[in-house]
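Here's the letter readout for the chains.
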Amino acid sequence: GVPLTHHQMQSLTIKVVIDRLIQRNLWPIAARMCDHLCIPEEEGASRVKKHWACWKVAQQDSIHISDEMLAAKIKQKLQDTPGISYADIARKAIECKRPELAYQLLNYETRASQQIRLLIQLQRYNAALEKAVANGDSYTLYDVIADLRDYMPALNFQSLITSNKKALKYYLKYLKYWNRDMLFQMHGQNDDFISQGLCRVEDSFFDITVENKITSLKDAKMDFMRGKGQGEFLQSVTEEQIKLYRCQQSLEDELRSPKSFVGLSIHQTIVKLVCDGQDKKADNVRKEFKVPERKYWFMMTAGLSSKRDWDGLEKFSRSKKSPIGYVPFVEACLKYDQKHEAEKYIHKVPPEERVKPYLMAGDLEKACEQAYVNKNVRELIRVLERCGTANRNVSERIHGYITNLQ
Amino acid sequence: MNHLQSGSLKLGLLRNQARRDLIECLLRIEGGKTVVWDNSLPGPIGLVAEYSLLQERGITKMYPLVAGPLPAITSPNVVFISRANLSNMDNIADNLQGAKPDVEFHLVFLPRRSLICEKRLEDLGVVNKLKVHEFPLDILPIDTDLLSMEINDSFKRLFVDADYSILHSVAKAIETIQGLYGVIPVVYGKGELSQRVAAMVERMSADLTSPIAPDIDNLVLIDRSTDLVTPLATQLTYEGLIDELYGLHCTTVTLPPEKFLTKQEKDRIRPDETPPNKKLILNDSDEMFGELRDKNFHAVGPSLSAKAKGLTSQVEESKSARSIGEYKQFVSKLPHIQAAKAALAMHTSVTELLKEKVDSVEFLEGLRCQQEFINGIELDRVNEFVDDCIGRGDPLVKVLRLMCVQSCCGNGLKPKVLEAYRSGVVQGYGYRHQLALERLETAGLLVEQQSSKTFAYLRRYLKLNVEDINEQNPADISYVFSGYAPLSCRLLQVLFPEGAPPAEEVLRHIPGPTVHCKQTLPKGVQPSDGPVSKTLVFFIGGVTYAEIAALRFLSQRGKSTEFIVAATNITNGNNLISRLI
């Protein structure tokens, strides 16, 4: 034991006494003293044990047991004490040129940032990256990726980042904001042709002239051809878009209206042509892009009604039996407040389906009568739900009809 | 906002802590402050601290964060309060052009700093002009049983961008909750994201040493991808419809003004003037809203009529009052009757607004199409109604939403159907939407059919389609969608049966990783043994008002557990889809 007077202890302070005990490697006494004096574990016992652990690490004679076992032994002695920084012990191991031991000790460190920092120092890049991804905090992850990029040779960094799928996703996102060219290259290196193609497609929307857009899309198409799976669909859709740009460019030239068609969809192009009175050209576009008949009838209705050509609309509706029925014609007329025109088409709708267009036109009386003629209670209820306080006579009539039918 | 203390979990504690943190953050900046807000923040912050409180802490003026130079600054400090996104950084840099040297500029990130954002500020040359702070508000109480992180783009970030930093924030939010209400003894979960969050929560819980007895008994983590059908379906509760049709943000909704103006107000409007929109605050402090909010919309009208009759009869009663005592009684009830009348008028107007849209042919036809898909009808072919919607040029969000419902109900679409839909969208709406289609595919919403038809199996096993529902007096949670019980809620119903211990086997019937673990409580703390347990359900990726209504229904009816709902954000089908396109 070390003789100590009370006066000496007071002037040295307890902390210093414990420190001196620790430095003489008298850890059991120091630990018992901390316990006895009720010093909280984080301040007392953990310092003692850490010192012991660092000493143990520095011991050359412990080389005959494996680093893994030594680390486990240390952990066993220390595990019940909170506030232990395994990172500090690992640092000591690094100082003593025992990197493997340091790595084993780091496995027990719970604070991710400390762990990762030292793993990078130990050049255990893979482990560092894994831990950063597992930690989930993207602030740390971007930091780590940036560090790795600085520490590692470029090729090694590339292969590391591509091998860790999750880290790769983060990296690509980081590149999207920082360095689109590099992003593009990364896709290339990963043989991710679809993503490359999509990059080009995104860029094409910023191209100003149609010629440039087409060039970008042609390149994108080549990328999609090399990609498997969805590549096929993307390829054909891109091909169609190139065709559409060319078609729209020539329309703009022929009709002498620049910037009016490029960028529209196929449907929107046709509707605009019909609206501008260019029915023949609209029909040509329909043929070129194999637009199905149902869709074409919708477009004609939209185009003719938007230029308020009610006679034209009527003529069109009579050209053959409508594949979309006549309700769309009713809708188109009502859109432009042409109730009188709308009624013409309601008569063409088969009786069983007439309640809906009457309701669209706000014609509650006729809707109610039609529903009764159809002997359809559900439809009567539908009309009833639309009756407000202003249509009390209609709602009364409906109640009567419902009773009759039941 | 005192109503927050009236729920079974005293959420006022959480709100007060957030308020203290905000004030502490602001006090670190000495002197008068002009605050420039990220426009997604006034709503959430308003739930934490009233404007008057902020004024007491030295905030003299407030502006929204937009591009361009700042207006003239009179205070010594300018504080930007913003979420970490790049467009805000660009606006801040813009605002700092021509900055006066005598003004100090601060940037408070909510909830945390971001390396990417700080690098952006560095690139724009302004990072040296700013002092950076953090305000770690991860989650806030929206109502007595509802918490939200208000991360409105969480679904896109999680399921398209694979940005898992949100999961870290979710874990931190749970850590905050556990810090106030105790470590939660049992954790359940479903889905890969839930698994990750559970692992993080367990790690963080090990560091919680304060001996608070747990107020919450169970935590259930639900990854949104385990139930994609529910957020896509059109909600039919009163609150759900308000959100679907007009958008309910942090309990505030903005509505067209016509139905709320009195006759005199209407007469006073000049022909060239448009009256301002009506802003309403809807939460539990409005008693009538509390009664109406979770009802199926068809039950709201009759409820309002019944209330109107009740009020009228109360007023009639007063006319028959004879004694001074009876008059006195009536007069004391008068303010309550006036308030009830005003609330009645307001909700009647809201109901009329909703009814106009709900009764329209477009709404009803869209709803019927959705319901057919949810009932498993004709999932294997191109739906003619959807195709015609494209033909008519209906809004793209509407069309995509229906396609996604069809895809999710059938665990994907047949290849020919998917191709037809994709071509249809590109031909009808434009080539650029093909990128949107890619994103919908990545998110799992519009995909090619996988081998197993899980949703069809779950539909039968969990009895999700219910017929003959009584909308006025529902007996089952399926009333929230008029015949479809939300999968997520049915799962919880089976997990916590009445009068029996939790049945975790049900979790294994749903594909995806399952979480079931017990957390170690701090020394000396015992789990609570009250008559009714409390369960915190955390939806990772968004929750809908309809699901919240269904869980409230279960809490009130059942004798198993009371639910408190938390989520990254509150969403609906249109929001979900529109953020992806």
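Look a little higher up for the structure.
These numbers were taken from a predicted model, which means no experiment stands behind them.

### Quick look at the sheet that holds strand β10 (residues 248-249) of chain B
Residues and elements named next belong to chain B. Taken in spatial order, the three strands line up as β10-β11-β12 in an open sheet, and their pairing is antiparallel. Edge positions in the sheet fall to β10 and β12 (278-281), since each of these pairs with one other strand and no more. Bridge count between β10 and strand β11 (residues 252-255): two bridges; the pairing is antiparallel. Bridging across to β11, His-249 finds its partner in Thr-252. Contacts from helix α10 (residues 238-246) reach β10 and β11, with the element oriented near 55° to β11.

### A word on the packing of aromatic side chains
Counted according to the given criterion, the structure contains 17 aromatic pairs over all chains. Where Phe-481 of chain B meets Tyr-484 of chain B, the ring centres are 5.5 Å apart and the plane angle is 50°; that geometry is what we call tilted. Accessibility classification places Phe-481 of chain B together with Tyr-484 of chain B in one group, the buried group. Taken together, the ring pairs in this structure connect Trp-297, Phe-316, Tyr-326, Phe-329 and Tyr-345 of chain A into an aromatic cluster. Across from the ring centre of Tyr-103 of chain A, 3.7 Å away, lies the NZ or CZ of Arg-124 of chain A, which sits over that ring.

### Notes on the nonpolar core
Most often, soluble globular proteins keep nonpolar side chains buried together rather than apart. Formed by 265 residues in total, the largest nonpolar core has its most connected members in Phe-80, Leu-445 and Phe-538 of chain B. Within the second largest apolar cluster, 47 residues are counted, among which are Ala-282, Phe-316, Ile-324 and Val-349 of chain A.

### Looking at the pattern of salt bridges
Oppositely charged side chains can pair when the atoms bearing their charge come close. Applying the stated criterion across every chain, the model contains 55 salt bridges over all chains. Residue Glu-291 of chain B is joined to Lys-307 of chain B by a salt bridge in which the shortest nitrogen-to-oxygen separation is 2.5 Å. Of this pair, Glu-291 of chain B sits in helix α12 (residues 287-292) while Lys-307 of chain B sits in helix α13 (residues 297-319); the two residues are 16 residues apart in sequence, bridging distant segments of the chain. On the basis of relative accessibility, which here comes to 42%, the residue Glu-291 of chain B falls in the partly exposed class. We classify Lys-307 of chain B as partly exposed; its relative accessible area is 23%. Across the pair Arg-381 of chain B and Glu-378 of chain B runs a salt bridge, and its minimum N-O distance is 3.8 Å. In this structure, a network of salt bridges that share partners links the residues Glu-314, Arg-318, Glu-341 and Lys-344 of chain A.

### A short note on the interface of chain B and chain A
Chain B puts 43 residues into the contact, and the matching count from chain A is 42 residues. Roughly 4100 Å² is buried in total at the junction of chain B and chain A, and carbon and sulfur atoms are behind 58% of that figure. When the buried surface of chain B facing chain A is broken down by residue, Leu-115, Gln-427 and Tyr-431 of chain B rank first, second and third, together holding 19% of it. Run the count over chain B and chain A and you get five salt bridges. Across the salt bridge formed by Asp-388 of chain B and Arg-294 of chain A, the nearest N and O atoms sit 2.6 Å from each other. Counting across the interface, chain B meets chain A through nine residue pairs in polar contact (both at pLDDT 80 or more). For the side of chain B that touches chain A, the secondary-structure elements that each account for two or more residues are α5 (115-123), α7 (165-181), α8 (192-205), α15 (361-374), α16 (384-392), α18 (415-429) and α19 (433-442) of chain B. Looking at side-chain class alone, the side of chain B that touches chain A contains 13 nonpolar, nine polar and 21 charged residues.

Criteria and cut-off values
- Residues numbered from 1 in each chain as written.
- Chains lettered and ligands numbered in written order.
- Predicted model: local features only at pLDDT ≥ 70, side-chain atom pairs only at ≥ 80, totals over all residues.
- Heavy atoms only, no water.
- Pairing = 2+ DSSP bridges.
- Helix = DSSP H or I, 4+ residues; strand = E, 2+ residues; numbered from the N terminus.
- Contact = heavy atoms within 4.5 Å.
- Axes fitted to C-alpha atoms, helices over the stretch in contact; angles between N-to-C directions.
- Phe/Tyr/Trp six-rings, centres within 6.5 Å; stacked < 30°, edge-to-face > 60°.
- Buried < 20%, exposed > 50% of the residue type's maximum accessible area, 1.4 Å probe, protein only.
- Lys NZ or Arg CZ within 6 Å of the ring centre and 35° of its normal.
- Core = buried A, V, L, I, M, F, W, Y, C linked by side-chain atoms within 4.5 Å.
- Salt bridge = Lys/Arg side-chain N within 4 Å of Asp/Glu carboxyl O.
- Buried area = accessible area lost by both parts, 1.4 Å probe.
- Polar contact = N/O pair within 3.5 Å; in protein donor to acceptor, adjacent residues only side chain to side chain.
- Nonpolar A, V, L, I, M, F, W, Y, C, P; charged D, E, K, R; others polar.

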